[in-house]
Amino acid sequence: MFHLVCGIIGFCTLSKTPLAQSPGSVLFKGLKRLEYRGYDSAGVAGVYQGKLIVLKGKGKLDELEEKIRLSSVRGYTVIGHTRWATHGIPNDVNAHPQTDCRNEIAVVHNGIIQNYRELRQFLVERGHVFESDTDTEVIPHLVEEFYREFNDLYTAFKQAIKMLKGSYAIAMVSTIEPDKIFFARKDSPLVIGLGNGYNFVASDIPAFLEYTNRVIIVYDDEIGYITSTNVFLENIGSGVVDWSKRVRVVEWSIEDASKSGYPHYMLKEIMEQPRALRDTLYGLLSDVVVDEAVSILLNSRKVFITAAGTSFHASLYYSLLSSILLGKPVIPFIASEYMVYSPIASSGDTLIVVSQSGETIDSLMALRAFKKKGVRVIAVSNVVDSAIPRESDVALYTRAGPEIGVAATKTFTTQVLLLTFLALKQGSSIGRFSESEYREYIGLLKKVPEFSREVLASTEDIVKELAKWLSRKKSIYYLSRGIGLPIAMEGALKLKEIAYIHAESYPAGESKHGPIALVEKDFPVLFVIPPIDYLEELLLGNIQEMKARGATIICVLSEKSNLIDQCHYPIKTPHTHWLLTPFTHTIPLQLLAYYTAVVKGLDPDKPRNLAKTVTVE
Ligand code: AGP
């Protein structure tokens, strides 16, 4: 059970809280500030008169306030949580906080505990009883177990944290030390807010910005606790940290803070792809449902894959990858064209439906038409319990977190990562490549977050420059070959939908069959060049035929490519295995669309005529 990009808040105050509001209402307002992160359940815990009070459930904050009065939680040491489930149905039991057997310890968590199965086994063998099927619940039980052993709560907390593998931002309260909120951070964001007579810990600054703008960013592998008047902070390995030098005064507005200081959600979401990709891969590596999907696919007669928009580009990529890596055909089709394909589907076939929102009506209609033919359906989505996963036989989830910008960015790259992993798992099962080759491929995928971080850093400036030139153009071609084509299509869609520039993508080899008639002096042609020798040779010919007609050539290509000198504007990406092309080559195209829109004075988050999710035919 995984939840991700959840919202956490902890508030610790002197009994006479200087804020002249009940701690419960400060906590509730803080959770409301984190609502933009998306969630499906929420909860709070407080320590009052030696008792742990926990109020939680499935649903939105206002519904829960109505039903169980979250803001009424008692105590001067309170924690809260909004859960964005990425795995398993949101329900009351799986909502946070999660507690130990004795109901003395409550924990809220954002991230993925990769080794939670082993830890749960370790704890069950020692008599711990679990209520939920979340990965988080192992944390309070671990602390309980180590408290029995060490009889000191902070030592127990530290021991428990040392047992965790994966990503986490954690806050914990306990009746054992009722004036402290314990915290730990690895890979999932966590910040401390310093007040006068009160302190906060939260996953994001907006949670407490109206009460204080004095912030300490907690770094990876740091752990500690806050009280109403003090902060203890240490690195879990190297010991105590002098946090006084790290206090920052934040000048953001609340709105800016929910974009983490970025001007638009779209840029924030482009920039958070390393985290989204890492969490998606972490989650998949420990997700048994993938094995179920693999066995369905390997026992299928025909395999179809369908989606709309950006998700179709991810689907098309998967169909090319299946052909190249597995030697297995997959029939891709645009979801709204399902009536042409469902007649050739029959039981024993499988349909993969890719949908970030899980609500796209075209994709849902396609799913239903294929289900009527007895076809099994595998959903790939970013939103747990949305319509398409609900109506599928198996659901696989990306862990990109909520995508607020209308244009899909991090959800595309995480979809491609999930589909690549699915193809590799199949290849390994059918012996298409050896166990060691499979491990090598997985090792490559584990480098994706790092490569995406490198691409973001190394291409943003040149793309910003290029955007100024491109913003004056009326039309552009995005060309590629092979596995580069879905990426070129995705880049073209991005430019169309947020910069309103006509961008057309087609296989580069098609140019001489008509499209090249459009090309004249300074006509922009962008080439997506995968680091594959034979494709580079073929694309060289296409670049030359375009240059011969006066086109201006933009290229996204490896820094080691032989074609760099052929391009007027080479956008160089780190050289890596062709399997990582979608991650190294898509990100510059997302940035190009974003900065072109900004140069044109447009709002990339709210493009005209478009909705984030198309739920009507
Ligand atoms: C892409 O940037 C658009 N937001 C749009 O094409 C989107 O990908 C399409 O509507 C499909 O949405 P879904 O993934 O939620 O099904």
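Preceding this paragraph is the structure being described.
Residues numbered from 1 in each chain as written. Predicted model: local features only at pLDDT ≥ 70, side-chain atom pairs only at ≥ 80, totals over all residues. Heavy atoms only, no water.

Visitor: Before we move on, can you summarise the nonpolar core with the specific residues and values?
Guide: By size, the foremost hydrophobic cluster in this structure holds 51 residues, and its most contacted members are Leu325 and Leu445. For this core, the element with the highest residue contribution is helix α14 (residues 410-429), accounting for nine residues. Excluding its chain neighbours within four sequence positions, the residues that come into contact with Leu445 are Leu281, Leu417, Thr420, Phe421, Leu424, Leu579 and Leu580. The next biggest cluster of nonpolar side chains, apart from the first, holds 35 residues, and it includes Met266, Ile476, Leu591 and Ala597. (Core = buried A, V, L, I, M, F, W, Y, C linked by side-chain atoms within 4.5 Å. Buried < 20%, exposed > 50% of the residue type's maximum accessible area, 1.4 Å probe, protein only. Helix = DSSP H or I, 4+ residues; strand = E, 2+ residues; numbered from the N terminus. Contact = heavy atoms within 4.5 Å.)

Visitor: An account of the environment of Arg126 is requested, with residue identities and associated values reported.
Guide: Turning to its location among the elements, Arg126 is positioned in the loop between α3 (116-124) and α4 (138-150). In this structure the C-alpha to C-alpha distance between Arg126 and Glu145, which are 19 residues apart in sequence, comes to 8.3 Å. A distance of 2.7 Å separates a polar side-chain atom of Arg126 from the backbone oxygen of Phe122. (Polar contact = N/O pair within 3.5 Å; in protein donor to acceptor, adjacent residues only side chain to side chain.)

Visitor: Give a description of the site of the ligand that names residues and reports values.
Guide: What surrounds the ligand is a group of 14 residues, the closest being Ser311, Ser355, Ser357, Thr360 and Glu497. One of the backbone nitrogen or oxygen atoms of Gln356 is found 2.8 Å away from an oxygen atom of the ligand. In this structure, an oxygen atom belonging to the ligand sits 2.4 Å away from a side-chain N or O atom of Glu497. When the free accessible area of the ligand is taken as 410 Å², the share hidden by the protein chains comes to 91%. Here the ligand occupies the second largest pocket. Of all the secondary-structure elements, those providing two or more residues to the shell around the ligand are α10 (309-326) and α17 (485-499). When grouped by side-chain class, the residues that make up the shell around the ligand number five nonpolar, seven polar and two charged. (Near = heavy atom within 4 Å. Areas by Shrake-Rupley, 256 points an atom, 1.4 Å probe, with all protein chains shown as cover. 1 Å grid on protein atoms, 1.4 Å probe; cavity = no way out; pocket = protein on both sides within 12 Å on 5 of 7 lines; lining within 4 Å. Sits in = over half its atoms within 2 Å of the grid points. Nonpolar A, V, L, I, M, F, W, Y, C, P; charged D, E, K, R; others polar.)

Visitor: How would you summarise the state of the cysteines if you had to cite specific residues and measurements?
Guide: Under the counting rule described, the total for this entry stands at one disulfide. Two residues share a disulfide in this structure: Cys555 and Cys567, whose sulfurs sit 2.2 Å from each other. Disulfide Cys555 to Cys567: torsion about the S-S bond roughly -90°, handedness left-handed. Note that Cys555 is positioned in strand β24 (residues 552-558) and Cys567 in the loop between β24 and β25 (569-573), a separation of 12 residues in sequence. This pair shows no difference in class: Cys555 is buried, exactly as Cys567 is. (Disulfide = S-S within 2.5 Å.)

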